[in-house]
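Below, each chain spelled out in residue letters.
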Amino acid sequence: MKEDYNISKEFQPKFPVRRTLDVPHQGKRLFVSYPAFGPKTFDNNVKEMNKDYIHSETGERMTFREPTTAESISVANKAYSLIKKEILKPSYLQLGRHLRTSEGVFVNPPKDRDGKPIVDEKVLKQYLNEAKKINGIWRVSNNEIKGVRDFAFAPYETFKQGEQSLEDFTVNPKANGLARALEFSHNKKAPKLEKISADYSNIYTWNFDSVAEPKLGASVLSGRNDGGLDVLGISWEDDDQAFGVKV
């Protein structure tokens, strides 16, 4: 018997397929790429985020942007067991950008008209005129029109370097300035980082020290083999992972 049939072609999406993970953040649901991008340098991960993708469930065309440190911390806080297993133990989680200066650390600096982070200290200080100062650190209100998102400034005297206790890193208002800036905390402590850090013996803060000229870097978290948690200011070319935020 002569056979007569046709098999339809398998669907080949025009863009790569990606899943999303969503968590609560600042009163809304935050949708990020899953799995995280990388391991690549932060800039290269951001390049990958800016490409087009297809949502695995809805078929929606989507793209991503780089996260703020506060957004990444919200993901790590609410999906901690997943993040620890997939990222924090074998690798680093890139939280977002910061700028070290002679006086302190600017977290999530706004971008200029070309989409590049502003590194002019004088320009960044002008933003602080509209900021709220809480226990030594400045938090600038979010403003989508001005491109301000989770922008904060922590002077060096508000936080410790090197090995320290969970209490000092997240709770002590005289020592937790960096944690509160990274988290963009509205409180006198950093409750999300407090929860994340509780699974570790000690905290180690490195590479957030003073520099003569402003230096841009990426803030990262990583579990140590000795049971501690590293909070690092990376400025070299490390291949790590980062969550892109769905646009």
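Above: the structure in question.
Residues numbered from 1 in each chain as written. Predicted model: local features only at pLDDT ≥ 70, side-chain atom pairs only at ≥ 80, totals over all residues. Heavy atoms only, no water.

Here we come to the overall build of the chain. Each helix and strand counted, the chain has seven helices and 17 strands in total. A globule of 247 residues ought to have a C-alpha radius of gyration of about 18 Å, and the chain, at 20 Å, matches this closely. Judged by the C-alpha coordinates and their principal axes, the chain covers about 85 × 45 × 35 Å. A separation of at least 24 residues holds for 64% of the contacts in the chain among residues at least 6 apart in sequence. Here the chain has roughly 13,000 Å² of accessible surface; of this, 48% comes from carbon and sulfur atoms. In the chain, which carries 38 positive and 35 negative side-chain charges, the distance between the mean positions of the two groups comes to 4 Å. (Helix = DSSP H or I, 4+ residues; strand = E, 2+ residues; numbered from the N terminus. Rg over C-alpha atoms; globule rule 2.2 N^0.38 Å. Contact = heavy atoms within 4.5 Å. Areas by Shrake-Rupley, 256 points an atom, 1.4 Å probe, with all protein chains shown as cover. Lys, Arg positive; Asp, Glu negative; His and termini not counted. Charge placed at Lys NZ, Arg CZ, Asp CG, Glu CD.)

Bringing helix H2 (residues 69–78) into the picture now. With nine of 10 residues buried, H2 lies mostly within the body of the structure. Taken residue by residue, H2 has Thr69, Ala70, Glu71, Ser72, Ile73, Ser74, Val75, Ala76 and Asn77 as its buried positions. (Buried < 20%, exposed > 50% of the residue type's maximum accessible area, 1.4 Å probe, protein only.)

With that settled, consider the side chain of Ser185. Within the secondary structure layout, Ser185 lies in the loop between helix H6 (177–183) and helix H7 (191–197). If we skip the residues at most four places from it in the chain, Ser185 touches Arg139, Arg180, Ala190 and Pro191.

We now examine the nonpolar core. Within the largest apolar cluster, 41 residues are counted, with the highest numbers of intra-cluster contacts made by Val75, Ile83, Leu93, Leu193 and Phe243. Leaving out residues up to four positions away in the same chain, Phe243 has contacts with Val32, Ser33, Ala36, Met49, Pro67, Val75, Ile83, Ile87 and Leu93. In terms of nonpolar packing, the next biggest core, distinct from the first, is built from 11 residues, Leu124, Tyr127, Leu128 and Phe151 among them. (Core = buried A, V, L, I, M, F, W, Y, C linked by side-chain atoms within 4.5 Å.)

Looking now at the environment of Thr63. Assignment of secondary structure puts Thr63 in the loop between strand E5 (61–62) and strand E6 (64–65). Assessed through its relative accessible area of 22%, Thr63 is described here as partly exposed. One polar contact links the side chain of Thr63 to the main-chain carbonyl oxygen of Met49, over a distance of 3.2 Å. One polar contact links the side chain of Thr63 to the main-chain carbonyl oxygen of Asn50, over a distance of 3.3 Å. (Polar contact = N/O pair within 3.5 Å; in protein donor to acceptor, adjacent residues only side chain to side chain.)

Evaluation of the coordinates by the stated rule reveals 19 salt bridges. Salt-bridge contacts for Lys51 lead to Glu48; the nearest nitrogen and oxygen are separated by 3.0 Å. For the salt bridge of Arg149 with Glu144, the shortest nitrogen-to-oxygen distance reads 2.9 Å. For Arg149, a relative accessible area of 25% puts it in the partly exposed group. (Salt bridge = Lys/Arg side-chain N within 4 Å of Asp/Glu carboxyl O.)

With that settled, the discussion passes to the pairing of strand E11 (residues 151–155). Counting buried positions along E11 gives five out of five residues, so the element sits mostly inside the fold. Sheet topology note: the strand E8 (residues 104–107)/E11 ladder contains four bridges and is antiparallel. Paired with Phe106 across the strands is Phe153, a residue of E11. (Pairing = 2+ DSSP bridges.)

Here helix H3 (residues 80–88) has its buried residues at Tyr80, Ile83, Ile87 and Leu88. Angular distribution of buried residues about the axis of H3 spans 70°; they occupy a single face of the element. Summarising the geometry of H3, the exposed residues directed more than 90 degrees from the buried face are Ser81 and Lys85. Along its buried surface, H3 packs onto H2, strand E7 (93–100), H7, strand E14 (215–223) and strand E16 (240–242). (Arc of directions from axis to C-beta.)

This part takes up the side chain of Arg100. Counting through the fold element by element, Arg100 comes out in strand E7. Separated by 2.6 Å, the side chains of Arg100 and Asp209 make a polar contact.

Applying the stated criterion to the full structure yields nine aromatic pairs. The interplanar angle of 70° and the centroid separation of 5.7 Å between the aromatic rings of Phe37 and Phe64 together place this pair among those described as edge-to-face. On the criterion of sequence distance, the pair formed by Phe37 in strand E3 (residues 37–40) and Phe64 in strand E6 is long-range, its members being 27 residues apart. Each member of the pair, Phe37 as well as Phe64, carries the same accessibility label: buried. Judged by centre distance (6.2 Å) and plane angle (20°), the ring pair of Tyr204 and Trp206 falls under stacked. A network of ring pairs unites the aromatic residues Phe106, Tyr127, Trp138, Phe151 and Phe153 as a single cluster. The cationic tip of Lys84 hangs over the ring face of Tyr200; the distance from NZ or CZ to the ring centre is 5.6 Å. Directly above the aromatic system of Phe184 lies the positively charged group of Arg139, at a separation of 4.3 Å from the ring centroid. (Phe/Tyr/Trp six-rings, centres within 6.5 Å; stacked < 30°, edge-to-face > 60°. Lys NZ or Arg CZ within 6 Å of the ring centre and 35° of its normal.)

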